[in-house]
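Remarks on the overall topology
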Amino acid sequence: MTKVHVYKREWLLFLPLFGLLIFVMIFPTFYTFLLSFSRFSLLGNKLVLSGLKNYSSLINDEEFWVSLKNSVLFTGITVPFELVLGLFLALWLNRQFRGKYLVRAALLLPWAIPTALNAVVWRWMYNTDYGIFNDLLLRVGLIRAGINWLGQIPLAMISMMIVAIWKTSSFMALILLAGLQSIPNEVYEAALIDGSTKWTTFKSITLPLLKPAILVSLLFRTMDAFRSFDLPFNLTQGGPVNSTETLSLYAYKVSFQFLKFDYAASVIIVQFAILLVLSILYLRFLEVEL
Amino acid sequence: MKNKRLLIINSVKTLFVNLLLILVFFFPVVWIFLTSLKTQSEIYAFPISYWPRKITLENYHLVLRGSGFSRYLINSLIVSLGTTLLVVLLAFLGAYFFARTKLKGRKPLLLFVLMISMFPPIAVAPPLFIFFRKVGLINNYLGLILAHSGLFSPIAVWILTNFLKSVPFELEDAAKVDGCGVLGIIKNVILPLSLPGLAATFLIVFVFSWCEFLLSLVLLNQNELRTAVVGIALYPGEYAFPWELISTATFLALLPIIFFVFVFQRLIIGGLTAGAIK
């Protein structure tokens, strides 16, 4: 890495990618920003600036606040669960044993399954009459009649959280596992010689050295959970009575069902602003290692 | 003697926990597979049966022959392959730039590219719908391929930049002395050495594109053009819930992904974690 190495027009290599990003990511996001300060109708395709009108309507929009609350609740509860479960899984896998290959594949599989189809499958497993969960509980004798998992108010959200935790704690585990494997063995050997117990080794060596991986996976997951759309759309459609409607789902409904692109844009920009703060934090942590 | 017993207890414990983990994480896929082998009457029987009483491949026959489902799978294949090829090409060039350039703005620019991957897809969905409608890219594979490429190329750049940084400069200099231009160096030196990185990127982008829902829903909204994930997910809403067909189609849509996970898990995990920590 020490040699000076000069190509004169190397930036040309970046140009095609940059063009694509401008065309489908940066400009559209900027346009959404513009829309949020405008009046717009899809028929006329005309954009008229209207100041803060969309944003001021948000204040009295109960559904907006409910979806914001749901997104925060969903993120705030699933992510810590995923972290703890993921940490246990990673510690479990960070040892030598046979069949590791299969277990790691088992962890990777939930990540690779499309969330939308995952939701479809779980919707079937949650089914009141034909679902496997109710059947198992009935057989064991814990319940007398099938539970309507996705149709009652706090339960639907809890059921949705369970699906999310199932899908992503394993992915969290993989990132944490990579972090664990980057800790040199000598550190542990030294601790062993010092007679340190399992718990103190974990607390004073593993945890501090794992901190970067924990931060990265935490923020990564937080942002993903906060913009989740596929899961509520396919599991509950946001119901019952908007109790599982997330910000992304609400913005989708306002734009593509009510065709109020301008108003939806203000919802999106609020969400975007929250995500931006999170991503700046994320990049701060990353920058240390860049 | 005591040690040996402890060893046995320990390996039994390990085996038990591992089996439990595999069961928990595989379960939905196994369940959907078992369901796909059942007849319709068995699926709606009460109480439900776990193991199919009579295994039938009739559902696969129905799904693959002529039904809309096979169309969905083909659409997904076109979009995912198109996206993957475009992303690997553009991201490779971009990553090479990031791994080698000495330009001052390199770091902030790379951070900016990475930040784009954190944009929520809903932020670009309405404008893309509006623009693409004007230029005829709605219900056009190319439109979705471009959108997916924008969505997933930042992560590809990130993974590939990390890979390319590990290819030594000296090799390139040697090639340069031999009179290779930039393209020649890429072709003869970099490309062969970064194949694992390219393969990992290919797999990861393919999986992402195959799984993507929101933009696929919005940009290809004509029924025959829907991708597998969207088509299957929306299917129940349109008719009376043909669950045996839906689970069969779902399992088929999961198959390429299951295949990738089992065959290439080391590559995928390597790529993902190179992107996430490092």
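Small disclaimer: the values here were computed from a predicted structure and weren't measured.

1. A few points about the interface of chain B and chain A
Taken together, the contact pairs 108 residues of chain B with 93 residues of chain A. A combined buried area of about 9700 Å² lies between chain B and chain A, and 79% of that area is made up of carbon and sulfur atoms. Between chain B and chain A we count 10 residue pairs in polar contact (both at pLDDT 80 or more) in total. Partitioning the side of chain B that touches chain A into residue classes produces 84 nonpolar, 12 polar and 12 charged.

2. Regarding the nonpolar core
Buried together is how nonpolar side chains tend to be arranged in soluble globular proteins. Of all hydrophobic cores here, the largest spans 191 residues; its most connected members are A:Tyr252, B:Phe213 and B:Leu219. Once you skip the residues sitting within four places of it in the chain, B:Phe213 turns out to touch A:Ala116, A:Phe229, A:Asp230, A:Phe233, A:Asn234, B:Val229, B:Val230 and B:Ala233.

3. Digging into the packing of helix H4 (residues 68-100) of chain B against helix H9 (residues 182-193) of chain B
Residue and element names in this part refer to chain B. Where H4 meets H9, the closest approach of the two axes is 13 Å, and the angle between their N-to-C directions is 95 degrees. As the angle between them shows, H4 and H9 are arranged roughly perpendicular. Facing Phe92, Leu93, Tyr96 and Arg100 of H4, the residues of H9 in contact are Val182, Ile185, Ile186, Ile190 and Leu191. Residues of the contact of H4 with H9, tallied by class, amount to eight nonpolar, no polar and one charged.

4. A closer look at the UniProt feature "transmembrane region" (unreviewed entry) in chain A
Residue and element names in this part refer to chain A. Mapped onto this structure's residue numbering, the UniProt feature "transmembrane region" (unreviewed entry) falls at residues 12-34, 72-93, 105-126 and 263-285. This span, residues 12-34, is 87% helix and 0% strand, and a straight line between its end C-alpha atoms measures 30 Å. The span residues 105-126 is 86% helical and 0% strand by assignment, and the distance between its end C-alpha atoms comes to 25 Å.

5. Considerations on a nonpolar patch on the surface
All names here are of chain A. The grouping of Ile22, Phe27, Phe30, Phe33, Leu34 and Leu49 at the surface amounts to a nonpolar patch, some 560 Å² of accessible area in total. Ranked by residue count, the leading element in the nonpolar patch is helix H1 (residues 15-35), at five residues. Here Leu49 shows up in strand E2 (residues 46-49). Residue Leu49 is classed as exposed on the basis of its relative accessible area, which comes to 62%.

6. A closer look at the confidence of the model for chain B
Residue and element names in this part refer to chain B. Per-residue confidence for chain B gives a mean pLDDT of 88, with 96% of residues at or over 70. Mean pLDDT values for the elements of chain B range from 77 in helix H8 (residues 169-177) up to 97 in helix H11 (residues 214-219). Scored by ipTM, the complex comes to 0.90, with pTM at 0.92.

7. Quick look at helix H9 (residues 198-226) of chain A
Between the first and last C-alpha of H9(A) there are merely 36 Å, a value that for 29 residues lags more than 12% behind the 42 Å anticipated at 1.5 Å per step. Residue A:Lys211 marks the point of greatest curvature in H9(A), where the axis turns by about 55 degrees; the proline A:Pro212 follows within four residues.

8. A word on the pattern of salt bridges
Residues and elements named next belong to chain A. All told, the structure shown has five salt bridges over all chains when counted by the stated rule. One salt bridge in this structure joins Arg221 and Asp224, with 3.3 Å as the shortest N-O distance. Taken together, the residues span about one helical turn, with Arg221 and Asp224 both in helix H9 at a distance of three residues. Arg221 gets classed as buried once you look at its relative accessible area, which sits at 8%. Of the charged contacts in the structure, one is a salt bridge between Asp224 and Arg227, with a shortest N-O distance of 2.9 Å. A relative accessible area of 33% places Asp224 in the partly exposed class. Here the salt bridges do not stand alone but share partners, grouping Glu82, Arg221, Asp224 and Arg227 into one network.

Thresholds, definitions, all that
Residues numbered from 1 in each chain as written. Chains lettered and ligands numbered in written order. Predicted model: local features only at pLDDT ≥ 70, side-chain atom pairs only at ≥ 80, totals over all residues. Heavy atoms only, no water. Contact = heavy atoms within 4.5 Å. Buried area = accessible area lost by both parts, 1.4 Å probe. Polar contact = N/O pair within 3.5 Å; in protein donor to acceptor, adjacent residues only side chain to side chain. Nonpolar A, V, L, I, M, F, W, Y, C, P; charged D, E, K, R; others polar. Core = buried A, V, L, I, M, F, W, Y, C linked by side-chain atoms within 4.5 Å. Buried < 20%, exposed > 50% of the residue type's maximum accessible area, 1.4 Å probe, protein only. Axes fitted to C-alpha atoms, helices over the stretch in contact; angles between N-to-C directions. Helix = DSSP H or I, 4+ residues; strand = E, 2+ residues; numbered from the N terminus. Parallel < 35°, antiparallel > 145°, perpendicular 65-115°, else oblique. UniProt positions renumbered as here; feature names shortened; annotations may be inferred. Patch = residues over 30% accessible without salt bridge, like charges linked within 9 Å, V, L, I, M, F, W, Y side chains within 5 Å. Areas by Shrake-Rupley, 256 points an atom, 1.4 Å probe, with all protein chains shown as cover. Salt bridge = Lys/Arg side-chain N within 4 Å of Asp/Glu carboxyl O. pLDDT = per-residue confidence, 0-100. Expected span 1.5 Å × (residues − 1). Bend = angle between axes of the 7 residues up to and from the residue.

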